[in-house]
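# Report on the structure
Residues per chain are reported as follows:
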Amino acid sequence: MTTSSAPTSEEPARHLHVRLTDDRSSIYDLVTEYLQSAGKAPDWYWRLAGRLEGSDADNLEELLSSAFEAGAFVAHEHPEDLEFLWVTEEECEKERRREERGDEREAAKKERSSLSHYA
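In this report, the structure presented in the accompanying data block is examined. All figures in this text were calculated on a predicted structure; none of them were measured in a lab. (Residues numbered from 1 in each chain as written. Predicted model: local features only at pLDDT ≥ 70, side-chain atom pairs only at ≥ 80, totals over all residues. Heavy atoms only, no water.)

### Digging into the overall build of the chain
On a plain count of helices and strands, the chain comes out with five helices and three strands. Seen in sequence order, the chain has helices and strands lined up from the N terminus as β-β-α-α-α-β-α-α. Every one of the 119 residues in the chain was classed for burial, and the buried ones make up 30%. Counting contacts in the chain only where the partners sit at least 6 residues apart, residues at least 24 apart contribute 71% of the total. For the chain, the computed accessible surface area is about 8000 Å², with 50% contributed by carbon and sulfur atoms. (Helix = DSSP H or I, 4+ residues; strand = E, 2+ residues; numbered from the N terminus. Buried < 20%, exposed > 50% of the residue type's maximum accessible area, 1.4 Å probe, protein only. Contact = heavy atoms within 4.5 Å. Areas by Shrake-Rupley, 256 points an atom, 1.4 Å probe, with all protein chains shown as cover.)

### Some words on the pattern of salt bridges
In the structure shown here, the tally under the stated rule is seven salt bridges. Among the ionic pairs, Arg-14 bridges to Glu-91, the shortest N-O distance being 3.1 Å. Residue Arg-14 is located in strand β2 (residues 14-20), and its partner Glu-91 is located in helix α4 (residues 89-100); the two are separated by 77 residues in the primary sequence. Given the relative accessible area of 26%, Arg-14 is considered partly exposed. (Salt bridge = Lys/Arg side-chain N within 4 Å of Asp/Glu carboxyl O.)

Right under this line is the structure:
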């Protein structure tokens, strides 16, 4: 698990990016593994996540709770698959622009859907 140090009060404000270290890894597979190990139904979870429009508070709470638990599971069971980066808004914006310029467009979409901005 790669971790850059947390920001100090003298540094510009930073936020956390959590990334998968291997481009071939899938956050969906890791979350599904967690759901199965927790005795939860992955099919229900993924169907609900696909339909969710934010209007059903009970389901939203269950999805968020499960996602949070899945993040903790992945960090504990697969620490080698994660990289933690503390970035400034400027660094974040530069990275987004660089990724979205053609060459890395698909990788950028996958990366943004893979646990980024969870802090």
